[in-house]
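If you want the building blocks of each chain, they are given just below.
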Amino acid sequence: MKENEQDLSVIAADREKIIIRTSVTGILTNVLLAAFKKSWILMLASRLLHLLERIHLLKNRDAAYASIQEIMDTYHVALRDLLRHRGQIILQFLLGALSLLSLMGASVFVYYALDQSGTAPLRLLTLAYLLFVSASYTPLPGASGAQEAGFLLYYQGIYSGGTIGLALLIWRFFTYYLFLLVGCVIVLLERILLRRRSG
């Protein structure tokens, strides 16, 4: 029995490593292709748009292709500008990594705030990143619904004593709703200041 449990934990650990390696490889490949092989991306986009037009999911292929071409041109202009200022690349990378780490770290803080134990912080961070990537494809503001369902799925068995629901509420508040509240306050304050200046 113990051997089976150990085998399952080894398989789960290997699976997480494979998922992470595959995700990083895919992201880097896409970024490098978009950066250095613009013609390949545009050719692929043209073929995909042609397919979408043939199955009647796209009405104006030329407008869609022009939009993709404009996005690629903007990307290349920004990339050329960044390559001239290599220090900016490093700074933006570090700031982006810090921002994501603080956002993903919320799951670790919630876990320990609810007096849970038995799961390494690195595993909690890994699950948070996987949840972030997998739910990002939901076409709703804040990936509503997908984030919550994903949290319950990914963290199932990690939280004990029926605390997963509470963990979900706290985690979601600090990773999404707090940003909305702060944004609302800033917009309201800005409008008040603009009215005072104009009036």
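Note: the structure precedes this text.
Residues numbered from 1 in each chain as written. Predicted model: local features only at pLDDT ≥ 70, side-chain atom pairs only at ≥ 80, totals over all residues. Heavy atoms only, no water.

Draft legend 1. Quick peek at the side chain of Gln-116. With respect to the helices and strands, Gln-116 occurs in the loop between helix H4 (86-113) and helix H5 (121-135). Using a relative accessible area of 7% as the deciding quantity, one classes Gln-116 as buried. A distance of 3.4 Å separates a polar atom in the side chain of Gln-116 from a polar atom in the side chain of Thr-163. Residues in contact with Gln-116, not counting those within four places in the same chain, are Tyr-111, Ile-158, Tyr-159, Ser-160 and Thr-163. (Helix = DSSP H or I, 4+ residues; strand = E, 2+ residues; numbered from the N terminus. Buried < 20%, exposed > 50% of the residue type's maximum accessible area, 1.4 Å probe, protein only. Polar contact = N/O pair within 3.5 Å; in protein donor to acceptor, adjacent residues only side chain to side chain. Contact = heavy atoms within 4.5 Å.)

Draft legend 2. Highlighting the nonpolar core. In this structure, Phe-151, Tyr-155, Ile-158, Tyr-159 and Trp-171 are the most contacted members of the largest nonpolar core, which totals 20 residues. Listing elements by their share of this core, those giving two or more residues are H4, H5 and helix H7 (164-198). For this core, the element with the most residues is H5, which contributes 6 residues. What Ile-158 contacts, discounting residues up to four positions off in sequence, is Tyr-111, Gln-116, Thr-119, Leu-124 and Leu-127. (Core = buried A, V, L, I, M, F, W, Y, C linked by side-chain atoms within 4.5 Å.)

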